[in-house]
Amino acid sequence: MPKIELHTEIQAARKIVFDLSRSIDLHKVSTAHTQETAVAGKTSGFIGLNETVTWRAKHFGIYQKMTVRITAFESPDYFADEMVRGAFHEFKHEHYFKESGGITVMTDVFNYRSPLGFVGRWADILFLKEYMTDLLATRNRVIKEFAESGKWKTLFTV
């Protein structure tokens with residue numbers, strides 16, 4: 001099972017970074033290049049424990065839908081989302097937040113299993129792990145930009 005782990009340092013309070021990470025609206029901004037939109041479940045605002053969102057996005061030239069559920073939630077330290085339906089055989093995305101001296105370290109741990117057995121494992125090696133890493137890194141850059149610039153205030157009030 002491939003695992004992606006990213007650490008992003010953000011000069012902002014942990015609660016702000018935590019909430020930006022669970023913002024449906026900011027997720028749409030960070031994935032505009034894939035035309036991602038929320039089409040069912042929680043479609044705007046902040047997603048919380050046991051809530052689902054169904055995303056529709058274009059990856060590799062094909063529109064796909066994926067539903068995820070928030071399966072763990074400990075504000076402002078941790079939450080996890082897991083795929084309920086979608087293109088992967090399974091995935092779990094864990095989000096950790098630690099703050100020290102005005103810097104929040106946001107850690108993403110993304111474990112997934114591709115469909116199609118052997119063919120899926122080859123896809124992981126050839127392109128999928130890199131594609132998913134880039135997708136997560138892009139999302140994290142947008143979270144960092146909103147948190148550090150004060151743009152987060154356009155999404156919510158802490």
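Conventions adopted
- Residues numbered from 1 in each chain as written.
- Predicted model: local features only at pLDDT ≥ 70, side-chain atom pairs only at ≥ 80, totals over all residues.
- Heavy atoms only, no water.
- Helix = DSSP H or I, 4+ residues; strand = E, 2+ residues; numbered from the N terminus.
- Buried < 20%, exposed > 50% of the residue type's maximum accessible area, 1.4 Å probe, protein only.
- Contact = heavy atoms within 4.5 Å.
- Areas by Shrake-Rupley, 256 points an atom, 1.4 Å probe, with all protein chains shown as cover.
- Lys, Arg positive; Asp, Glu negative; His and termini not counted.
- Charge placed at Lys NZ, Arg CZ, Asp CG, Glu CD.
- Pairing = 2+ DSSP bridges.
- Axes fitted to C-alpha atoms, helices over the stretch in contact; angles between N-to-C directions.
- Polar contact = N/O pair within 3.5 Å; in protein donor to acceptor, adjacent residues only side chain to side chain.

Caption draft 1: Fine view of the overall build of the protein. Per the secondary structure count, the protein includes three helices and seven strands. Overall, the protein shows an N-to-C arrangement of helices and strands of β-α-α-β-β-β-β-β-β-α. Here the C-alpha coordinates of the protein stretch approximately 45 × 30 × 25 Å along the principal axes. Every one of the 158 residues in the protein was classed for burial, and the buried ones make up 44%. Taking contacts inside the protein between residues at least 6 apart in sequence as the whole, the part at least 24 apart equals 49%. Accessible surface, the protein as shown: approximately 8,300 Å² in total, 54% of it carbon and sulfur. Once the 21 positive and 19 negative side-chain charges of the protein are each reduced to a mean point, those two points are 5 Å apart.

Caption draft 2: Spatial organisation of helix α1 (residues 14–21). Across the eight residues that make up α1, a large majority, six, are buried. Within α1, burial applies to Ile16, Val17, Phe18, Asp19, Leu20 and Ser21.

Caption draft 3: Spatial organisation of the side chain of asparagine 111. For asparagine 111, the position within the fold is in strand β7 (residues 103–113). Given the relative accessible area of 18%, asparagine 111 is considered buried. When neighbours within four sequence positions are excluded, asparagine 111 is seen to be in contact with Met1, Pro2, Lys3, Glu90, Phe91, Lys92 and Glu94.

Caption draft 4: Examining the sheet that holds strand β1 (residues 3–10) more closely. Pairing in this open sheet of seven strands is antiparallel, and the strands run β1-β7-β6-β5-β4-β3-β2 from one edge to the other. In the strand order of this sheet, the two ends are held by β1 and β2 (37–41), each with one partner. Direction aside, neighbouring strands of the sheet carry axes that sit 25° apart on average. Two elements, strand β5 (residues 78–85) and strand β6 (residues 90–100), share five bridges in a ladder whose sense is antiparallel. Looking at the pairing, tyrosine 78 lines up with tyrosine 96 of β6. Running at roughly 160° to β6, α1 makes contact with β1, β4 (62–74), β5, β6 and β7 of the sheet.

Caption draft 5: Spatial organisation of the environment of glutamate 51. Tracing the chain through its elements places glutamate 51 in the loop between β2 and β3 (52–59). Overall, glutamate 51 belongs to the partly exposed group, its relative accessible area being 30%. Through-space distance from the C-alpha of glutamate 51 to that of glutamate 82 is 11 Å; in sequence the pair is 31 residues apart. Other than its neighbours up to four places away in sequence, glutamate 51 contacts Lys42, Phe46, Val68, Arg69 and Ile70. For glutamate 51, the side chain forms a polar contact with the main-chain nitrogen of glycine 48, separated by 2.5 Å.

Caption draft 6: Molecular detail of the environment of alanine 13. Its location among the elements puts alanine 13 in the loop between β1 and α1. Overall, the relative accessible area of 35% leaves alanine 13 in the partly exposed class. Beyond its immediate sequence surroundings of up to four residues, alanine 13 is in contact with Glu99 and Thr104.

Caption draft 7: Representation of the pairing of β6. Linkage of β5 to β6, two consecutive antiparallel strands, is achieved through a turn of four residues, within which glycine 86 is found at a positive phi near 155°. Pairing analysis gives 11 bridges linking β6 to β7, with the strands arranged antiparallel. If you follow phenylalanine 91 over to β7, its bridge partner there is tyrosine 112. Counting the residues that bridge the hairpin from β6 to β7 gives two residues, and of these glycine 101 lies at a positive phi of roughly 60°.

Geometric values such as these leave the question of function open.
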